[in-house]
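Structure at a glance
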Amino acid sequence: PKMDEWRVLTEAETLGYDSLWIPDSQMIWSDCYAALALVAENTQRIRIGTGVAIAGTRIAPVTAHSIASINQLAPGRVFLGLGTGHTAMRVMGMPPVKINEFREYVRVVRALLNGEEVEYQLNDNTRTISFLHQDMGFFDLENRVPIHIAANGPRALRTAGEMADGLMSVFNEQPAVLNQNLTLVREGAAKVSRKLPDPFPTATITAVVPLEKDEVINSERVIDEAGPWAVAALHFIYELYKESGSEEVVPPAYHGIFEDYCAHVAAMSTPEEKRYLQIHNGHGTFIVPEERRFMTPEVLEASCLIGRPTDLIDKLGVAEENGLTEVTIVPPTKGAQKVMQEFANLVICLL
């Protein structure tokens, strides 16, 4: 979201997209709910929601209140994506919210959006809370707001199976990853004797670039359009590696550049105690020039959907057969409109 370019967001509806996920990262972009309010008032069909709201940066009642307020503007087409905060927390040098705290957060938000009373703890105080004035039009609780959980780790994926209306994951467009994720989702659902909807909504977040005739996968244009997301995925893998100390978290496609990337981070000018400020510079927005060299064909292919339009349709078809229901495209801020138009005119029109 970039507040002075919010009209680019509303163009997604005109181009034929089905939904618009607006990310919540307070140190990087404009406020997601301010952008959602503008989009809600200037669209009629498209589903809109957070992609994803972060549990660590707003208390649960505020998140429930914010999305219910948007629901008043666009009743019945609003959803809430929730996550523990890979970027929004790490860009402040903070870890993502722990899974037990996140589960409690989801429980409170769901109950409030259902119009219920719920026990809520803040610091050392536990109180019963609920929305007052529910019949006065300040927010919409009658039209149910689905909650989609962003999850990649086993416990978060099981939580999605227990509590969520849908799943958002990185690399879900890869059948092997999606199958593994859905297995854990089903385990979570079975634990609480829950019957999942069929199909269970699943989304992936990625960059998508239709190749031009004779264009190579790591052309300068492709790196400009897909690089900001591919580097963001690399940042994510690096953070997991730093936390775990294990190279097992590094996917095979990244093996060829990962040692060099670690050396790149170690040589950053920012002091180590606040290096997170430099690591996440450009996240999903632009590609830092010094990091273009990490955009090998292997990295781009592993983190993005790139190919001729017909090839992309084939890849999406395979992903759909394996249970993927939605692809969420992350374009760079500069040229976002062009990226949205390219995919609509070259791929959506063929579906």
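A brief report on the enclosed structure follows. (Residues numbered from 1 in each chain as written. Predicted model: local features only at pLDDT ≥ 70, side-chain atom pairs only at ≥ 80, totals over all residues. Heavy atoms only, no water.)

**Some details on the overall build of the chain**
- The helix and strand tally for the chain stands at 13 helices and eleven strands.
- For 351 residues, the compact-globule formula gives about 20 Å, and the C-alpha radius of gyration of the chain, at 20 Å, lands near that figure.
- When the 351 residues of the chain are sorted by exposure, 52% land in the buried category.
- A separation of at least 24 residues holds for 73% of the contacts in the chain among residues at least 6 apart in sequence.
- On the chain, roughly 16600 Å² of surface is accessible, and the fraction owed to carbon and sulfur atoms is 52%.
- For the chain, the separation between the mean place of its 30 positive charges and that of its 46 negative charges on side chains is 2 Å. (Helix = DSSP H or I, 4+ residues; strand = E, 2+ residues; numbered from the N terminus. Rg over C-alpha atoms; globule rule 2.2 N^0.38 Å. Buried < 20%, exposed > 50% of the residue type's maximum accessible area, 1.4 Å probe, protein only. Contact = heavy atoms within 4.5 Å. Areas by Shrake-Rupley, 256 points an atom, 1.4 Å probe, with all protein chains shown as cover. Lys, Arg positive; Asp, Glu negative; His and termini not counted. Charge placed at Lys NZ, Arg CZ, Asp CG, Glu CD.)

**Looking at the nonpolar core**
- Core analysis: the largest hydrophobic core is formed by 65 residues, its most contacted members being Ile48, Leu80 and Leu113.
- Looking at this core element by element, the count peaks at nine residues for helix α5 (residues 99-113).
- Ile48 has contacts with Leu20, Leu36, Val39, Ala40, Ile70, Ala74, Arg77, Val78 and Phe79, leaving out every residue within four places of it along the chain.
- Ranked by size, the runner-up nonpolar core spans 44 residues in total, among them Ile217, Phe258, Val265 and Ala302. (Core = buried A, V, L, I, M, F, W, Y, C linked by side-chain atoms within 4.5 Å.)

**What about the pattern of salt bridges?**
- Following the criterion strictly, the structure yields 23 salt bridges and no others.
- A salt bridge links Arg158 to Glu187, with the nearest nitrogen and oxygen atoms 3.0 Å apart. Here Arg158, found in helix α6 (residues 154-163), pairs with Glu187, found in helix α7 (residues 175-191); they are 29 residues apart in sequence, far enough to count as distant.
- What makes Arg158 partly exposed here is its relative accessible area of 30%.
- The class of Glu187 is partly exposed, set by a relative accessible area of 39%.
- Residues Arg221 and Glu212 are paired through a salt bridge, measuring 3.6 Å at the closest nitrogen-oxygen approach.
- Under the relative-accessibility criterion, Glu212 is labelled partly exposed at 45%.
- Bridged by salt links that share partners, the residues Glu212, Glu215, Arg221, Glu225, Lys338 and Glu342 form one connected network. (Salt bridge = Lys/Arg side-chain N within 4 Å of Asp/Glu carboxyl O.)

**Digging into the environment of Gly51**
- With respect to the secondary-structure elements, Gly51 resides in strand β2 (residues 47-54).
- Separated by 99 residues in the primary sequence, Gly51 and Ala150 place their C-alpha atoms 8.5 Å from one another.
- In contact with Gly51, other than residues within four places in its own chain, are Trp21, Ile22 and Pro23.

None of the figures reported here should be taken as evidence of function without further support.
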